[in-house]
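Notes for the structure review
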Amino acid sequence: MEVHFGHRVSREGWWSFETHPHMVRTKRRIHERCLPCLAGLLDQLKTDRREIDLPHAWDCWKVVAVAPDEATCMEILDRLAEDHPDLYLHGKLGGRRDRYGTSALVLHAEGEAERDRLVGCLRKTLEHHFPQVPLQLSRACADPYAELLGPWQDWTLPCPIRHPEAVPRVVRRLRELLYGAG
């Protein structure tokens with residue numbers, strides 16, 4: 001199975017990838033889930049709410065392999081595609097090595113069934129080919145959600161804002177992301 005790559009988001013240091021050559025699921029996800037999710041979070045934060053509804057974030061999962069560099073991420077992705085040719089893959093790889101000192105292969109899953117299948121397949125590939133690379137699971141975008149709500153394992157529906165001091169910073173970043181720097 002061939003995996004196709006989109007454009008690199010240079011500021012953030014990520015490459016999008018997908019099994020489909022036109023990256024249809026990635027594009028659909030951005031417009032139907034990601035942008036509405038972040039815009040909805042911004043709208044909620046502009047009020048004096050003490051809790052956040054998580055309509056899109058609750059079922060948004062990331063299955064992550066944390067590797068020492070992008071080359072290892074590419075190797076993991078190649079092996080995963082070879083080991084599980086029937087698996088539909090979409091996600092991103094890369095990261096901010098200057099900030100974290102590592103790179104990551106992030107597989108997107110919408111819902112628990114897809115998450116569980118990806119966890120099982122990635123775990124097998126890592127155990128067989130890359131036993132030193134840890135597998136992690138996260139819900140929604142850690143930046144900004146975990147910054148506001150704490151670890152995803154502690155989230156509830158709705159979820160209290162556990163770090164209110166982060167609200168102004170997150171609002172600024174969301175406005176920049178959604179509407180540009182100006």
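Residues numbered from 1 in each chain as written. Predicted model: local features only at pLDDT ≥ 70, side-chain atom pairs only at ≥ 80, totals over all residues. Heavy atoms only, no water.

The next thing to look at is the pairing of strand 4 (residues 60-67). With respect to burial, strand 4 is a largely interior element, 8 of its 8 residues being buried. Going residue by residue along strand 4, you find Cys60, Lys62, Val64 and Val66 tucked away on one face and Trp61, Val63, Ala65 and Ala67 tucked away on the opposite face as well. Pairing analysis gives 8 bridges linking strand 4 to strand 6 (residues 103-110), with the strands arranged antiparallel. Directly across from Lys62, in strand 6, lies its bridge partner His108. Summarising the sheet, strand 4 and strand 7 (residues 135-139) pair through 5 bridges and their orientation is antiparallel. In the sheet register, Val64 faces strand 7, and the bridge partner there is Gln136. (Buried < 20%, exposed > 50% of the residue type's maximum accessible area, 1.4 Å probe, protein only. Helix = DSSP H or I, 4+ residues; strand = E, 2+ residues; numbered from the N terminus. Pairing = 2+ DSSP bridges.)

Once that is clear, we can look at helix 5 (residues 142-149). Restricting attention to buried positions, one finds in helix 5 the residues Pro144, Tyr145, Leu148 and Leu149. Here the buried residues of helix 5 occupy an arc of 105° about the axis, which is enough to place them on one side. Summarising the contacts, the buried residues of helix 5 are in contact with helix 1 (24-45), strand 3 (51-52), strand 8 (159-160) and helix 6 (167-179). Following helix 5 by one or two positions, Gly150 adopts a phi angle in the positive range, close to 85°. (Arc of directions from axis to C-beta. Contact = heavy atoms within 4.5 Å.)

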